[in-house]
Amino acid sequence: MEKVLITGAAGFLGSHLCDKFIKEGFQVIGMDNFITGDKKNISHLLDNPLFQFIEHDVTEFIKIEGELDYILHFASPASPIDYLKIPIQTLKVGSLGTHNLLGLAKAKNARLLIASTSEVYGDPLVHPQTEEYYGNVNTIGPRGVYDEAKRFQESITMAYHRFHGLETRIVRIFNTYGPRMRLNDGRVIPAFMGQALRGEDLTVFGDGMQTRSFCYVSDQVDGIYKLLFSDYSNPVNIGNPHEITIKDFAEEIIKLTGTDQKITYKELPKDDPLQRQPDITLAKKLLGWEPKVGREEGMLKTFNYFKSLTKDELYKSEHKDFSKHIRK
Ligand SMILES: NC(=O)c1ccc[n+]([C@@H]2O[C@H](COP(=O)([O-])OP(=O)(O)OC[C@H]3O[C@@H](n4cnc5c(N)ncnc54)[C@H](O)[C@@H]3O)[C@@H](O)[C@H]2O)c1
């Protein structure tokens, strides 16, 4: 039986990847330090004989007994308010964490897939973004800690591939959504859904004319799975190219939730990208992959998840407490 290590297993994408690999008959080791993740996301797997969980910070040396066939590195804060609050941890997990995992992959002769991001394109001057675009990133801006960690992660991964002949894959993930996102992680979908469920007005930053494209989690997981088993080692965009303005999206959420909230406008945060849309020509050609889940269907599934949260979870307004992870 093949064995896969998934870092960031208690997070949104990591937990869905654990489900997928278990469903496909792999033995899965999940690793996480819970800095932005939640035990609840993997609680249904803890008694599964195919699943083993290790609580560990991947920026520290990683030791795994026995053989390992694949590693998926998904540990990293991923939402802007998370990485603004823990900027050094974000830089470390993309750099030191990736270096540790590359070393482990080399020692075990395992194939490593890293989670990169559309943020490597920064505030793009090219639209939609193909994999050839080098990006427009402000290294010292507030988002630089995430963007540059991910860019470094890609560079060191390619260096191990070229210098050591390591089998590597790089997925550039565009905005993905679905059940198990954190309600108060600051990303637009949980933010709008939380506001709708609490009967609050929906907050749009700027004039709402900035665009986003949203990929449902099952499509994202299928794309990542196909990429891992392809023989392509350069980066591949996985996302949903269907673009919408934030203002139109807020109106869609109001319609979906059957509420009559208004939209209120606030100042746009610094370096917030105005447009983000993947060009997925390469993924289509290489992997025969394209998203299948429409926005209406995906949003409904996501809304039903948020609706199932307890009142306490819905009204818990404070952001995640990072204090125990921060060394003074
Ligand atoms: N969700 C998206 O739309 C999106 C978009 C682009 C890229 N990504 C990438 O996908 C990955 C997962 O994102 P997500 O949305 O699931 O975020 P998430 O915050 O839900 O999950 C990240 C997980 O990594 C864990 N983690 C962070 N630092 C760690 C460390 N040092 N050691 C061990 N575990 C650690 C967290 O506790 C958490 O469980 C990230 O690498 C992110 O950059 C996600």
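In the nomenclature of an unreviewed UniProt entry, the protein is known as UDP-glucuronate decarboxylase of Xanthomarina spongicola. What the UniProt record of the protein gives under Cofactor (unreviewed entry) is the line "NAD(+)". Per its UniProt entry, the protein bears the Pathway (unreviewed entry) comment "Nucleotide-sugar biosynthesis; UDP-alpha-D-xylose biosynthesis; UDP-alpha-D-xylose from UDP-alpha-D-glucuronate: step 1/1."

Draft legend 1. Main features of unusual backbone geometry. A cis amide bond links His 127 to the next residue, Pro 128, at an omega of -10°. For Phe 34, which is not glycine, the phi dihedral falls at a positive 65°. In this fold, Phe 34 is placed in the loop between strand S2 (27-32) and strand S3 (51-55).

Draft legend 2. Structural detail: the site of the ligand. In the vicinity of the ligand there are 29 residues, among which Leu 13, Asp 32, Thr 36, Tyr 146 and Lys 150 approach most closely. Asn 33 is positioned with one of its side-chain polar atoms (N or O) 3.1 Å from a nitrogen atom of the ligand. Measuring from an oxygen atom of the ligand, one finds a side-chain N or O atom of Lys 150 at 2.8 Å. Burial of the ligand by the protein amounts to 96% of the accessible area it has alone, namely 830 Å². Residue assignment for the shell around the ligand shows that the elements contributing at least two residues are helix H1 (12-23), strand S5 (111-117) and helix H4 (144-164). Per-element tally for the shell around the ligand: the top contributor is S5, with three residues. Across the shell around the ligand, the residue classes tally to 13 nonpolar, 12 polar and four charged.

Draft legend 3. Representation of the packing of helix H7 (residues 246-257) against helix H9 (residues 295-307) in the model. Where H7 meets H9, the closest approach of the two axes is 11 Å, and the angle between their N-to-C directions is 60°. If you check the angle between H7 and H9, you find them oblique. You can see that H7 and H9 cross each other, and the crossing is right-handed. Side by side, H7 and H9 meet where Phe 249, Glu 252, Ile 253, Leu 256 and Thr 257 of the first sit next to Arg 295, Met 299, Leu 300 and Phe 303 of the second. A breakdown of the residues in the contact of H7 with H9 according to their chemical character gives six nonpolar, one polar and two charged.

Draft legend 4. Representation of the pattern of salt bridges. Summed over the entire model, instances satisfying the criterion amount to 17 salt bridges. Ionic pairing is found between Asp 19 and Arg 180, a salt bridge with its closest N-O pair at 2.9 Å. Of this pair, Asp 19 sits in helix H1 while Arg 180 sits in the loop between strand S7 (176-177) and helix H5 (188-197), placing them 161 residues apart in sequence. As a salt-bridge pair, Asp 185 and Arg 187 come within 2.8 Å of each other at their nearest N and O atoms. We classify Asp 185 as buried; its relative accessible area is 1%. One continuous salt-bridge network, built from bridges that share partners, spans Lys 20, Glu 24 and Asp 222.

Draft legend 5. Just helix H3 (residues 87-108), in detail. Given a rise of 1.5 Å per residue, 22 residues ought to cover 32 Å, and the 31 Å separating the end C-alpha atoms of H3 matches this to within 8%. Considering bend angle alone, the principal kink of H3 is centred on Val 93 and spans about 35°. Within the sequence span of H3, burial applies to Thr 90, Val 93, Gly 94, Ser 95, Gly 97, Thr 98, Leu 101, Leu 102, Leu 104 and Ala 105. Considering only its buried residues, H3 is in contact with strand S1 (3-7), strand S4 (70-73), helix H2 (80-85), S5, H4 and strand S6 (168-173).

Draft legend 6. Region of interest: the pairing of strand S11 (residues 235-238). Side chains Pro 235 and Asn 237 of S11 all project onto a buried face; the interleaved residues Val 236 and Ile 238 project onto the opposite face, where all are buried too. Strand direction decides the pairing type here: S6 and S11, joined by four bridges, are parallel. For Ile 170, the partnering residue across the bridge sits in S11 and is Pro 235.

Draft legend 7. Molecular detail of the packing of H5 against H7. Taken N-terminus to C-terminus, the directions of H5 and H7 make an angle of 40°; their axes are 10 Å apart at the nearest point. In this view, H5 runs oblique relative to H7, as classed from their interaxial angle. Crossing of H5 against H7: the hand is right-handed. Mapping the contact onto sequence places Val 188, Ile 189, Phe 192, Met 193 and Ala 196 in H5 and Ile 246, Phe 249, Ala 250, Ile 253, Leu 256 and Thr 257 in H7. Residue classes in the contact of H5 with H7 are distributed as 10 nonpolar, one polar and no charged.

Calculation criteria
Residues numbered from 1 in each chain as written. Predicted model: local features only at pLDDT ≥ 70, side-chain atom pairs only at ≥ 80, totals over all residues. Heavy atoms only, no water. UniProt positions renumbered as here; feature names shortened; annotations may be inferred. Helix = DSSP H or I, 4+ residues; strand = E, 2+ residues; numbered from the N terminus. Near = heavy atom within 4 Å. Polar contact = N/O pair within 3.5 Å; in protein donor to acceptor, adjacent residues only side chain to side chain. Areas by Shrake-Rupley, 256 points an atom, 1.4 Å probe, with all protein chains shown as cover. Nonpolar A, V, L, I, M, F, W, Y, C, P; charged D, E, K, R; others polar. Axes fitted to C-alpha atoms, helices over the stretch in contact; angles between N-to-C directions. Parallel < 35°, antiparallel > 145°, perpendicular 65-115°, else oblique. Left-handed = near helix turned anticlockwise from the far one by under 90°. Contact = heavy atoms within 4.5 Å. Salt bridge = Lys/Arg side-chain N within 4 Å of Asp/Glu carboxyl O. Buried < 20%, exposed > 50% of the residue type's maximum accessible area, 1.4 Å probe, protein only. Expected span 1.5 Å × (residues − 1). Bend = angle between axes of the 7 residues up to and from the residue. Pairing = 2+ DSSP bridges.

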